[in-house]
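# A look at the structure
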Amino acid sequence: MYVILMVLSIALNYTIGRELGKYAKDKKMAKRSLVIGIIVNLGLLGVFKYAGFIVGLFGSALRMDLPFAEIALPIGISFYTFQALSYLIDVYRGNAKMQKNFLNFALYICMFPQLIAGPIVRYTDIEHQLKHRQFSWDQFGHGAFLFLIGLAKKLILANGIGALFETINAQVSANQAVPGVAWIGAISYMLQIYFDFSGYSDMAIGLGHMFGFRFRKNFNYPYISKSITDFWRRWHISLSTWFREYVYIPLGGNRVSVSRNIFNLLIVWFLTGLWHGASWNFIFWGVYYGVLLILEKFVWGKALARLPAVVQHLYSLVIVLIGWVFFFSDTMSSAVHYLGTMFGAVDFYGSIQTIFYYLTSNWLLLVVGVVCCTAIPMRVMNAVGYNGRRKAIYIGVMMVLLVLSIACLVTESFNPFLYFRF
């Protein structure tokens, strides 16, 4: 059924794209076609992703228990819907030519490497590559390298650190965790989601290279950021770019009054939170970042830039860490409960033993995770290089990562990516 849904979406957007090309000089007709395309795309996304949430809101407002059958979310619908919208908007703006070849357009929408969990590939980025991509063994090798790095991130780091988070989160939910342990759990999720999502992105970008496509980077070491503004320039770059180009700038961006700029930012981040899921904790998470970005831009940004670098890093990490609590919690109440545990009264002597146990049991995984959030591993790999005797060392390291990844894959029969549910 959901394959048919994707095929229908492809056919619809292809047809509307042809209409936009046909009425390129008739802005009134072109705008009508664009509006129809936006309504239909967002309508499909709304039915499958937000219908239950909307019905629940009406039920709460009317104080009634409205019946609603849960609809399974089609995998990748958030990503390919945004890709289709970027195509229609760019054709309408004249930034891209309509795609006449149906198969090329279908390839753009349902390209399997990044279909399920991104990155969101804008049509203008690969318009030329759909017809004129070039293949070389060097590019294939680089793609295989990126794929292997992503695989190792997911299977070795994300899954291992995620197991620690699941254990601690269960203890927090059962009121059996002390504050220090709750902090370790939140830090574990912080590392897990980075390696899980950036790992998938690396695998998708690597597969793209292997087939002759060049996708843009989706992560750029976000945990070394010195501000929240810097963090969102480095985290899920394709999503941030999409909202900037197709929501923030059309609303007026920052070329408006201060009050309107604040409104624009809040709208963008409300929608960013809502894009991630139909629940209040995601909405709050989006608005949380919107407010922080506004404060950095208009209140304390300049003062923050004058502080020592280490203070800027700590500020960013703590803010992001708190944000992840709202992200991984199922409800607002569970998020508040987890934060309450993190910042609760400390039974110092009673908690030291538990904290010491988790740190000594997982110290190597956590240390490797922290180091791999920085550019240090890639600098080491670049120092090793591809030539001469060092090439054997380089290949050896890659083979070790491959063997370890396969070992993890064999021992774990189910390895879902966190962003599959978006």
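Residues numbered from 1 in each chain as written. Predicted model: local features only at pLDDT ≥ 70, side-chain atom pairs only at ≥ 80, totals over all residues. Heavy atoms only, no water.

## Some thoughts on the packing of helix α8 (residues 137–173) against helix α9 (residues 179–210)
- Contact geometry for α8 and α9: axes closest at 6 Å, N-to-C directions at 160°. By the angle between their directions, the pair α8 and α9 is classed as roughly antiparallel. Considering how the two elements wind past one another, α8 and α9 form a crossing that is left-handed.
- Considering only residue class, the contact of α8 with α9 consists of 24 nonpolar, 13 polar and four charged. (Axes fitted to C-alpha atoms, helices over the stretch in contact; angles between N-to-C directions. Helix = DSSP H or I, 4+ residues; strand = E, 2+ residues; numbered from the N terminus. Parallel < 35°, antiparallel > 145°, perpendicular 65-115°, else oblique. Left-handed = near helix turned anticlockwise from the far one by under 90°. Nonpolar A, V, L, I, M, F, W, Y, C, P; charged D, E, K, R; others polar.)

## Structural notes on the confidence of the model for the protein
- In this model, the protein carries a mean pLDDT of 84, and residues with pLDDT of at least 70 account for 86%.
- Ranking the elements of the protein by mean pLDDT puts helix α5 (residues 112–115) last with 65 and helix α14 (residues 309–328) first with 95. (pLDDT = per-residue confidence, 0-100.)

## Description of helix α3 (residues 77–93)
- In this model α3 runs 24 Å from its N-terminal to its C-terminal C-alpha over 17 residues, within 8% of the 24 Å that 1.5 Å per residue would give.
- Where burial is concerned, most of α3 is hidden: 15 out of the 17 residues are buried.
- The first or second residue beyond α3 is Gly94, which carries a positive phi of 90°. (Expected span 1.5 Å × (residues − 1). Buried < 20%, exposed > 50% of the residue type's maximum accessible area, 1.4 Å probe, protein only.)

## Focus: the environment of Pro74
- Relative to the helices and strands, Pro74 resides in the loop between α2 (27–62) and α3.
- Note on Pro74: relative accessible area 2%, which makes it buried.
- Along the chain, Pro74 and Leu45 lie 29 residues apart, while their C-alpha atoms are 9.4 Å from each other.

## Observations regarding the pattern of salt bridges
- In total, this model carries five salt bridges according to the counting rule given.
- With a shortest N-O distance of 2.8 Å, Lys153 and Asp202 are connected by a salt bridge. Of the two residues, Lys153 sits in helix α8 while Asp202 sits in helix α9, which places them 49 residues apart along the sequence.
- With relative accessibility at 18%, the residue Asp202 sits in the buried group. (Salt bridge = Lys/Arg side-chain N within 4 Å of Asp/Glu carboxyl O.)

## Focus: the side chain of Arg234
- Within the secondary structure layout, Arg234 lies in helix α10 (residues 228–234).
- Residue Arg234 is classed as buried on the basis of its relative accessible area of 18%.
- A polar atom in the side chain of Arg234 sits 2.8 Å from the backbone oxygen of Asn220.
- Residues contacting Arg234, with those up to four places away along its chain left out, are Asn218, Phe219, Asn220, Tyr221, Pro222, Ile224 and Ser225. (Polar contact = N/O pair within 3.5 Å; in protein donor to acceptor, adjacent residues only side chain to side chain. Contact = heavy atoms within 4.5 Å.)

## Side note on the environment of Lys154
- Structurally, the position occupied by Lys154 is in helix α8.
- Judged by relative accessible area, Lys154 falls into the buried class, the value being 3%.
- Residues Lys154 and Tyr200, 46 residues apart in the sequence, show an inter-C-alpha distance of 7.3 Å.

## Digging into the nonpolar core
- Of all hydrophobic cores here, the largest spans 111 residues; its most connected members are Phe82, Tyr108, Tyr223, Trp235, Tyr289, Trp324 and Tyr338.
- Aside from chain neighbours lying at most four places away, what touches Tyr108 is Gln83, Ser86, Tyr87, Val121, Arg122, Tyr123, Ile126 and Leu130. (Core = buried A, V, L, I, M, F, W, Y, C linked by side-chain atoms within 4.5 Å.)

## A closer look at the side chain of Ser405
- Mapped onto the elements of the fold, Ser405 is located in helix α18 (residues 390–411).
- Ser405 sits in the buried class, given a relative accessible area of 0%.
- Only 2.8 Å separates the side chain of Ser405 from the backbone oxygen of Leu401, close enough to count as a polar contact.
- Setting aside residues up to four positions removed in sequence, Ser405 forms contacts with Leu151, Ala152, Leu155 and Ile156.

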